[in-house]
Amino acid sequence: MNKTFTKISFSLLLGGMAFAANAVEPVYLNTFEAGVGDCEIIGNGEIKNVGGQFGNVFANALDGMRTNFLRLPGSSFDKVDKNLSVAVWLNKGNETDPFHYMWSPIFACYATYNKVDNGCPMLVCEYRGGFLQINTNGPDNVGDNWCDFVDAQNVEGHNTFFHGDTDWLADGEWHLYTVTFTPTSAVVYFDGEVAQKWEIAGEGAGNTCDISAVPTEYICLGGNQAWGWVDPDPGFYFDDIAIYNVALSQEEVKAIMTAKANSDAGVNAIENSQNETAVYYNLNGVKVSNPEKGQILIKKTSGKTSKVIF
């Protein structure tokens, strides 16, 4: 289910996705609370309820190669032009060995779906250290419209690998992955902290990041690796996939983290309530005596809690 928003001027949690006061609105959001919604499960993944503040999530199947992933609608990029941010909550899910998924893709865009290899035009966000690659040349790959975000373009002078002992999903907890693109920069955040940052010239071979030319026929979560690379589809859990047509600032990314943490207190307060009749609460855990149509609330009946749109 794709949920659209008007201007947000207060803290709001929608089906598990939290937005702080005056937060930037996503141009696309799927929380999976209503199931797969306008996405399509390719392969053997499923919508799974993990409870708590995350509720329904997309649980990708383990292994396979360009076999198991979630396909987002092309319309999710309709309002995206030169700038882009993608935010998604990740959990290692079905994975047990960090070396199994260290090169796997988190998010990718392609013009076609090829089970053997995927060429350009394309955009790929890989797990290993949050590495990125964009190539918006034609299928013949002739032209200068590409960037591999190499060591020399990293503001630290080198790219950092995060796997093995530094694997950021190894603890089995949920973590927020965010990536932002502009014509002259790209940033990857893990839990609101900068993991990688690149600055590029904005034109010429190896320095072009043309988000407006990114293909939208196959927008993928959790698989469909680039070129002929043989990395497995990761068995991650994904939640609250959000796409923005701006490059979020670090403060805006951290606001998502803060609001999500605050929402947990509200949900827990309701979980601990002893009311046995149907009672409605807002997403901060405050009882609502007279619910209004369109409100997003938590309903408690006979010890069971669920998020509902009244």
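Above this text you will find the structure in question.
Residues numbered from 1 in each chain as written. Predicted model: local features only at pLDDT ≥ 70, side-chain atom pairs only at ≥ 80, totals over all residues. Heavy atoms only, no water.

### Some thoughts on the nonpolar core
Judged by nonpolar contacts, the single largest core of 44 residues is most densely connected at Leu132, Phe149, Tyr177 and Phe181. Considering each element in turn, this core owes the most residues, four residues, to strand β8 (residues 84-91). Discounting chain neighbours no more than four positions away, the residues touching tyrosine 177 are Val86, Ala87, Val88, Leu90, Ile106, Cys125, Leu132, Trp168, Val188, Tyr189 and Phe190. Grouped together as the second largest cluster of nonpolar side chains are 16 residues, Leu29, Ala87, Leu176 and Leu248 included. (Core = buried A, V, L, I, M, F, W, Y, C linked by side-chain atoms within 4.5 Å. Buried < 20%, exposed > 50% of the residue type's maximum accessible area, 1.4 Å probe, protein only. Helix = DSSP H or I, 4+ residues; strand = E, 2+ residues; numbered from the N terminus. Contact = heavy atoms within 4.5 Å.)

### Some words on unusual backbone geometry
Going from cysteine 120 to proline 121, the amide bond is cis rather than trans, its omega being 0°. As for its placement among the helices and strands, proline 121 is situated in the loop between β9 (105-110) and β10 (122-126). One non-glycine residue, asparagine 224, adopts positive backbone phi at about 65°. Relative to the assigned elements, asparagine 224 resides in the loop between β16 (218-221) and β17 (237-244).

### Overview of the environment of phenylalanine 238
Mapped onto the secondary structure, phenylalanine 238 falls in strand β17. Under the relative-accessibility criterion, phenylalanine 238 is labelled buried at 0%. Spatially, the C-alpha atom of phenylalanine 238 lies 8.3 Å from that of glycine 222, the residues being 16 residues apart in sequence. What phenylalanine 238 contacts, discounting residues up to four positions off in sequence, is Phe32, Val57, Phe58, Asn60, Val88, Trp89, Leu90, Ile106, Trp174, Leu221 and Gly222.

### Details of the side chain of asparagine 56
In this structure, asparagine 56 sits in strand β6 (residues 56-59). Engagement of the side chain of asparagine 56 in a polar contact is seen with the backbone oxygen of phenylalanine 32, the distance being 3.2 Å. A distance of 3.0 Å separates the side chain of asparagine 56 from the side chain of asparagine 49, its partner in a polar contact. (Polar contact = N/O pair within 3.5 Å; in protein donor to acceptor, adjacent residues only side chain to side chain.)

### With respect to the side chain of asparagine 91
Checked against the element boundaries, asparagine 91 lands in strand β8. Contacts of asparagine 91, omitting those with residues within four sequence positions, involve Leu169, Gly172, Glu173, Trp174, Phe236 and Tyr237.

### Side note on the environment of isoleucine 296
Tracing the chain through its elements places isoleucine 296 in strand β20 (residues 296-301). Through-space distance from the C-alpha of isoleucine 296 to that of tyrosine 281 is 9.1 Å; in sequence the pair is 15 residues apart.

### Digging into the sheet that holds strand β4 (residues 40-42)
Across the sheet, seven strands lie side by side as β4-β7-β16-β9-β10-β11-β12; this open sheet has antiparallel pairing. Bordering the open sheet on either side are β4 and β12 (146-147), each of which pairs with just one other strand. Where β10 lies against strand β11 (residues 132-135), four bridges are found, and the strand directions are antiparallel. Residue pairing for β11: valine 124 is matched across the bridge by glutamine 133. (Pairing = 2+ DSSP bridges.)

### With respect to the pairing of strand β13 (residues 175-182)
Put simply, side chains in a regular strand alternate between the two faces of the sheet. Counted residue by residue, β13 has eight buried out of eight residues, so it is predominantly covered. Both faces of β13 are covered, namely the face carrying His175, Tyr177, Val179 and Phe181 and the face carrying Leu176, Thr178, Thr180 and Thr182. Alignment of β8 against β13, held across seven bridges, turns out to be antiparallel. Across the sheet, residue leucine 84 finds its bridge partner in β13, namely phenylalanine 181. The sheet contact formed by β13 and strand β14 (residues 185-190) spans six bridges and is antiparallel. By the bridge assignment for β14, valine 179 is matched with valine 188. With antiparallel pairing between neighbouring strands as the criterion, β13 and β14 make up a hairpin whose turn holds two residues.

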